[in-house]
Amino acid sequence: MKPPTLSLHHHHRLTIPFLHRPTSISLSPSPRVSNAPFTVRMSLKEDGPSVAIVGVTGAVGQEFLSVLSDRDFPYRSLKLLASKRSAGKTLTYENRNYTIEELTENSFHDVDIALFSAGGSISKKFGPIAVEKGTIVVDNSSAFRMDEGIPLVIPEVNPEAMEGIKLKSGKGALIANPNCSTIICLMAATPLHRRAKVTRMVVSTYQAASGAGAAAMEELEQQTREVLEGKEPTCKIFKQQYAFNLFSHNAPVLSNGYNEEEMKLVKETRKIWNNKDVKVTATCIRVPVMRAHAESVNLQFKTPLDENTAREILSNAPGVVVIDDRAANYFPTPLDVSNKDDVAVGRIRQDVSQDGNYGLDIFVCGDQIRKGAALNAVQIAEMLL
Ligand SMILES: NC(=O)c1ccc[n+]([C@@H]2O[C@H](COP(=O)([O-])OP(=O)(O)OC[C@H]3O[C@@H](n4cnc5c(N)ncnc54)[C@H](OP(=O)(O)O)[C@@H]3O)[C@@H](O)[C@H]2O)c1
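Every chain is numbered on its own, with residues counted from 1 as its sequence reads. Where local features are concerned, this predicted model is filtered to residues with pLDDT of at least 70; where side-chain atom pairs are given and counted, the filter is 80 or more; whole-chain, interface and lining totals use all residues. Remark: hydrogens and water are excluded; side-chain values derive from all non-hydrogen atoms of the structure.

Peer 1: I tried to follow unusual backbone geometry on my own but got confused; where do I start?
Peer 2: Where the residue is not glycine, phi is negative for most of them; where a peptide bond is considered, it is trans in most cases. One non-glycine residue, Asn95, lies in the positive phi region at around 65 degrees. Looking at the secondary structure, you find Asn95 in the loop between strand 3 (90-93) and strand 4 (96-99). In this scheme, a residue with accessible area under 20% of its type's maximum is buried, one over 50% is exposed, and one in between is partly exposed, where area comes from a 1.4 Å probe on protein chains only. For Asn95, a relative accessible area of 58% translates into the label exposed. Backbone geometry at Arg347 places phi at a positive 50 degrees, although glycine is not the residue there. We count a stretch as a helix when DSSP gives it H or I for four or more residues in a row; a strand needs E for two or more, and each element gets its number in order from the N terminus. With respect to the helices, strands and loops of the structure, Arg347 is situated in strand 14 (residues 343-350).

Written out as structure tokens, the structure reads:
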């Protein structure tokens, strides 16, 4: 039984013909998983920006299409870009047929906004080329996140970081989308931070296959089938068996023993909160969940904050829903938030290891392809209009 506070936004799912299986699962059947023509809204607007999606065939790229449609984002034209492998493939979107083009240095002529999700090296090479052409790039990779002068933005948290960047200026610019675990964590931690100032944060993540892209999701699906059939699981994306297992996040391990994903949480939090002093530590784990990350977050505050006040603050926070039903032992799950915009928070409780009301534990779940990537980027794009 779900508590009455649960009111996540539902979305229609797109079917992209050449990606023959849904890239997400949800508790209830969704219209987008069928092969039937999907219901569309017409977003084509003469006075809207021209938009390009770089990496449209990927897990995040597909979600860009879905989010643009769900939010009725106004655009006058849409350019779909991917690698040479995908060039020439067609897809139908909002009742129009598009041919995917190969990303080249000439792709950004007359493109106002480019949503990038094709990996860090592609962003590094083509991001500056697009900016040079006057395009505003919203980049999902980690390529520019920590660069000084590049805004790193969660619209609900630090919209002021991109103040002054507007489409009508006609000038190119680069805006970075934070790491998915950082976005999900800070969506819940920031409203509490605003009230009581977080001095230290300990994050443990349970990260889904989708965070590693479409091929990782396929690997989990295939391995699950293989293990159930008594076969040796095929490991291509990850070195270790993923199905019926979990392991330390696959990001490279650094000389300090942290992996890159963990250090992103540390560094990006400081940049987004504009606070060099906040102490953050993290342990990031990949779990065999198809879609949506979960995170256990322990917070230490400068000023006291009791759990009831925290629950109330979170209940009123934009983009956050509270699922915290102790009587039913029902708290957020990755399935609850899959294909949803909102981040769900529960297990809101006083940390008994800290004296007074200076510590809280919370458990957060968020769809990292959606709020952790595509939705956050489209929200940034909306702020440019
Ligand atoms: N998955 C997430 O939850 C998530 C969250 C936040 C940020 N991100 C970031 O978003 C980016 C993409 O992630 P993803 O999960 O969507 O990966 P993915 O499913 O593997 O998709 C990768 C995309 O990049 C394209 N691509 C690869 N090489 C290219 C090239 N040389 N030129 C043009 N396009 C190229 C691919 O096109 P082809 O199909 O033609 O190969 C595909 O569209 C990464 O930087 C990732 O770190 C992902």
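Okay, back to it.
Peer 1: Would you explain the confidence of the model for the protein in this entry?
Peer 2: Close reading of the predicted structure is inappropriate where its pLDDT is low. Along the chain, pLDDT gives the predictor's confidence residue by residue, from 0 to 100. In this model, the protein carries a mean pLDDT of 90, and residues with pLDDT of at least 70 account for 89%. Taken as a whole, residues 1-41 scores under 50 in pLDDT and shows 97 contacts with residues more than four places along the chain or in a different chain. The contact definition used throughout considers only heavy atoms, calling two residues in contact when any of these lie within 4.5 Å.

Peer 1: For this particular structure, what's the right way to read the pattern of salt bridges?
Peer 2: Should the charged atoms of two oppositely charged side chains come close, the side chains can pair. Throughout this description, the term salt bridge denotes a Lys or Arg side-chain nitrogen within 4 Å of a carboxyl oxygen of Asp or Glu. The final tally for this structure, using the stated rule, is 14 salt bridges. Salt-bridge contacts for Lys371 lead to Glu156; the nearest nitrogen and oxygen are separated by 2.8 Å. In this pair, Lys371 is assigned in helix 8 (residues 370-384) and Glu156 in the loop between strand 7 (136-139) and strand 8 (173-176), connecting sequence segments 215 residues apart. Each member of the pair, Lys371 as well as Glu156, carries the same accessibility label: buried. For Arg225, the salt bridge goes to Glu221, with nearest N and O atoms at 3.4 Å. Remark: Glu221 and Arg225 occur in helix 4 (residues 214-228); sequence separation between them is 4 residues, near one turn of the helix.

Peer 1: Please explain the site of the ligand as it appears in this structure.
Peer 2: Throughout, the term near means that a residue has one or more heavy atoms lying within 4 Å of the molecule or strand in question. If you check the shell around the ligand, you find 25 residues, and the closest are Thr57, Ser83, Arg85, Ser86 and Ser210. The definition of a polar contact used here is a pair of N or O atoms within 3.5 Å, where within protein one atom must be able to donate a hydrogen and the other to accept one, and adjacent residues in sequence count solely through side-chain atom pairs. One of the backbone nitrogen or oxygen atoms of Gly55 is found 3.0 Å away from an oxygen atom of the ligand. The side chain of Gln368 places a nitrogen or oxygen atom 3.3 Å from an oxygen atom of the ligand. Each accessible area value is a Shrake-Rupley result obtained with a 1.4 Å probe; residue values ignore everything except the protein chains displayed when judging cover. Relative to its unbound accessible area of 890 Å², the ligand is 76% covered by the protein chains. Elements that contribute at least two residues to the shell around the ligand include exactly helix 1 (59-70) and helix 8. Residues are sorted three ways: Asp, Glu, Lys and Arg are charged, Ala, Val, Leu, Ile, Met, Phe, Trp, Tyr, Cys and Pro are nonpolar, and all the rest, Gly among them, are polar. Grouping the constituent residues of the shell around the ligand by class yields 10 nonpolar, 14 polar and 1 charged. Shared between two domains, the shell around the ligand takes at least three residues from each, and those domains are domain 1 (31-178 + 372-384) and domain 2 (181-368). Boundaries of every domain are those given by an automatic assignment or by a domain database.

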